[in-house]
Amino acid sequence: MRNLVVQKFGGTSVADTDKIKNVADVILKEKANGNDVVVVVSAMGHTTDHLVKLAHEINPNPSARELDMLMSTGECVSMSLLTMALQAKGHKAISFNAAQIGIITENVHTKARIIDIKTDKLNESLSEGNIIVIAGFQGVTEEGEITTLGRGGSDTSAVAIASALDAKRCDIYTDVEGVYTTDPRVVPNASRLDEISYDEMLELAHAGANVLHPRSVETAKQYSMPLRVRSTFKNENMGTLILGVEDMEINKPVAGVAADLSQVRVVVCDIPDTPGEAATLFSALAKENISVDMIIQSYARKVSKTNDIAFTINKEDFDKAKEVLEVVQKQLNAGEVSYNDNIAKISIIGAGMIDRPGIASTMFKTLADNGINIRMISTSEIKISCLINKEDAQRAVKALHEVFNLGSDEIAEVKGTLPDV
């Protein structure tokens, strides 16, 4: 492990030139601590959303390749401006995009995964005393095609680069002061966690907490790379450290509550109850890179010898999933396919839940006492998720946060507006 820190700054941190200058000061503070610094940046503010909007105004169904070509430009703007800001303050700095370094990804557009990172150019530039600024969110295939890593992919870029360079830590800078027990916009007395395990953070990320991209946490866990979530604007606060559960002292069974409002519930009815039908269904979705979350299969009906399969997908995959399911429906000779986006996935997460009886019953009773109906349930060793009506989401989060005693005596600083329900 070398004396190197990788810092990642999100879109809100580099939203305008004044904020970019502030980010330069944060970087130089880390440099003054005696560390080499490699920086990964997102596009400025809502640049990516704006570029996608422009693309769809030109072509309602733009090709994935051209979308990647377009969206990859956003990070290049912020990396160049930040490098100029560092140079203006009298420091050696140089910027690189993914192709210049060699951030190699699989040959998949808009949701590519990193498979290798070339470090020769990075090590050479560090040895010359440079602060390095890298465009996040993007990669390049072995054939030279530009790819992007999906929403939040700059987090993944940063952790992968930190791992490749054997950094001592990867700091993710954002507009919040760390990881909270739940969204402070919903529960004002949510507690900031000093520490959380990779597994807990991964489950929180998958469950709807928008602090870190799930793939970045997976990568950090795989390479045992310590992560720290910090505020760009209050960087004297050390934020939340994410590390292995074996390095933590677990005091509470539940670490946090998360709500995911971006799910769509899909039910495929009257699927023949024969071997291989479920595999056909989910293989077709996987082929289109559509991830499936909660799954329930009903008991087979004795007369018709069919069953129903219900599952959830992300809203951003809805249009593509609908196309796939129209084909699969005919292929399986299945019945109706129904969709419901008026739902929310509510989850409680905690490494202390392992072998701790009564957690599930407390969650279910709390929801019942608040008149909230459960539509689907899924569990893991450290997570319990319930699918409920979207309009009940905020009430469920508040009730569960209170019953598991996760609140703080202090009021967390509230950012933005409440999530839509």
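In the block above lies the structure referred to throughout.
What counts, and where the lines are drawn
- Residues numbered from 1 in each chain as written.
- Predicted model: local features only at pLDDT ≥ 70, side-chain atom pairs only at ≥ 80, totals over all residues.
- Heavy atoms only, no water.
- Salt bridge = Lys/Arg side-chain N within 4 Å of Asp/Glu carboxyl O.
- Buried < 20%, exposed > 50% of the residue type's maximum accessible area, 1.4 Å probe, protein only.
- Helix = DSSP H or I, 4+ residues; strand = E, 2+ residues; numbered from the N terminus.
- Polar contact = N/O pair within 3.5 Å; in protein donor to acceptor, adjacent residues only side chain to side chain.
- Contact = heavy atoms within 4.5 Å.
- Pairing = 2+ DSSP bridges.
- Phe/Tyr/Trp six-rings, centres within 6.5 Å; stacked < 30°, edge-to-face > 60°.
- Axes fitted to C-alpha atoms, helices over the stretch in contact; angles between N-to-C directions.
- Parallel < 35°, antiparallel > 145°, perpendicular 65-115°, else oblique.
- Left-handed = near helix turned anticlockwise from the far one by under 90°.
- Nonpolar A, V, L, I, M, F, W, Y, C, P; charged D, E, K, R; others polar.
- Expected span 1.5 Å × (residues − 1).

K.L.:
Describe the pattern of salt bridges, listing the residues and the values that go with them.
P.N.:
Tallied over the full model, the rule gives 22 salt bridges. With a closest N to O distance of 3.7 Å, K31 and D36 form a salt bridge. You can call K31 partly exposed: its relative accessible area is 24%. Across the pair E323 and K320 runs a salt bridge, and its minimum N-O distance is 3.6 Å. In this pair, E323 and K320 both sit in helix α10 (residues 318–332), three residues apart, roughly one turn of the helix.

K.L.:
Explain the side chain of T232 to me, and be specific about the residues and the numbers.
P.N.:
Looking at the secondary structure, you find T232 in the loop between β11 (227–231) and β12 (240–243). Classification of T232 by relative accessible area gives buried; the value is 0%. Reaching out from T232, the side chain makes a polar contact with the side chain of S13 at a distance of 2.6 Å. Aside from chain neighbours lying at most four places away, what touches T232 is F9, S13, N22, V23, V26, Y173 and T174.

K.L.:
With reference to specific residues and values, describe the environment of A278.
P.N.:
When you line up the elements, A278 lands in helix α9 (residues 277–287). Here A278 falls in the partly exposed class, since its relative accessible area comes to 28%. On a C-alpha basis, the gap between A278 and P184 in space is 40 Å, while along the polypeptide they are 94 residues apart.

K.L.:
Describe the pairing of strand β20 (residues 383–389), and please don't skip the residues or the numbers.
P.N.:
With seven of seven residues buried, β20 lies mostly within the body of the structure. In this structure, strand β18 (residues 343–349) lies alongside β20, joined through seven bridges in antiparallel fashion. Paired with K345 across the bridge in β20 is L387. With five bridges joining them, strand β19 (residues 376–380) and β20 adopt antiparallel strand pairing. Directly across from T379, in β20, lies its bridge partner I384. The antiparallel pairing of β19 with β20 creates a hairpin that spans two residues between the two strands.

K.L.:
Please give an account of the packing of aromatic side chains that cites residues and values.
P.N.:
One pass over the full model with this rule turns up three aromatic pairs. Between F9 and Y173, the aromatic rings sit 4.7 Å apart at their centres with planes inclined by 15°, giving stacked as the arrangement. One end of the pair, F9, is in strand β1 (residues 4–9); the other, Y173, is in strand β9 (residues 169–174), with 164 residues separating them in the sequence. Residues F282 and F311 carry aromatic rings whose centres are separated by 5.3 Å and whose planes lie at 70° to one another, so their mutual orientation is edge-to-face. Highlighted residues: F282 in helix α9 and F311 in strand β16 (residues 306–314), separated in sequence by 29 residues.

K.L.:
How would you sum up the packing of helix α6 (residues 153–164) against helix α8 (residues 214–222)? Please name residues and give values.
P.N.:
Contact geometry for α6 and α8: axes closest at 7 Å, N-to-C directions at 15°. With respect to α8, the axis of α6 lies roughly parallel. Judged by the twist between their axes, the crossing of α6 over α8 is left-handed. Two secondary-structure elements touch here, α6 through D155, T156, V159, A160 and S163 and α8 through R215, S216, T219 and A220. A per-class count over the contact of α6 with α8 returns three nonpolar, four polar and two charged.

K.L.:
Can you explain the environment of V37? Please cite residues and give values.
P.N.:
Looking at the element boundaries, V37 is found in strand β2 (residues 36–41). Among all residues touching V37, those that are not within four sequence positions of it are L4, V5, Q7, I27, E30, K31, L126, N130, I131 and I132.

K.L.:
Let's hear about the sheet that holds β18: which residues, and what values?
P.N.:
In spatial order, the strands read β13-β18-β20-β19; together these four strands make up an open sheet with antiparallel pairing. Where the open sheet ends on each side, the last strands, each with one partner, are β13 (256–260) and β19. Pairs of neighbouring strands in the sheet enclose a mean axial angle of 20°, with direction left out of account. Across the sheet, helix α12 (residues 393–403) lies against β13, β18 and β20, angled at about 15° from β18, the strand it touches most.

K.L.:
I'd like a rundown of the sheet that holds β16, residues and numbers included.
P.N.:
Pairing is antiparallel across the open sheet formed by four strands, whose spatial order is β15-β16-β14-β17. The open sheet has two free edges, formed respectively by β15 (292–297) and β17 (337–340), since each of these has just one partner strand. Direction aside, neighbouring strands of the sheet carry axes that sit 20° apart on average. Across eight bridges, strand β14 (residues 263–272) lies against β16 in antiparallel orientation. Opposite V268, over in β16, you have I309 as the bridge partner. Where α9 meets the sheet, its contacts fall on β14, β15 and β16, and the angle it forms with β16 comes to roughly 20°.

K.L.:
Explain the packing of α9 against α10 to me, using residue names and the numbers behind them.
P.N.:
The geometry of a pair of packed helices is captured by two quantities: the angle between their axes and the separation between those axes. Remark: α9 packs on α10, axes separated minimally by 9 Å, with the N-to-C direction vectors making an angle of 155°. Overall, the two elements α9 and α10 adopt an arrangement that is roughly antiparallel. At the point where α9 passes α10, the crossing takes the right-handed sense. Mapping the contact onto sequence places E277, T280, L281, A284 and L285 in α9 and A321, V324, L325, V328, Q331 and L332 in α10. A breakdown of the residues in the contact of α9 with α10 according to their chemical character gives eight nonpolar, two polar and one charged.

K.L.:
Tell me what's going on with helix α3 (residues 64–88), and back it up with residues and numbers.
P.N.:
Over its 25 residues, α3 extends 37 Å from the first C-alpha to the last, a length consistent with the 36 Å expected when each residue adds 1.5 Å. Within α3, the full set of buried residues consists of L67, D68, M71, S72, G74, E75, S78, M79, L82, T83, A85 and L86. At the C-terminal side of α3, G90 shows a positive phi close to 90°.

Distances and angles like these do not, on their own, reveal function.
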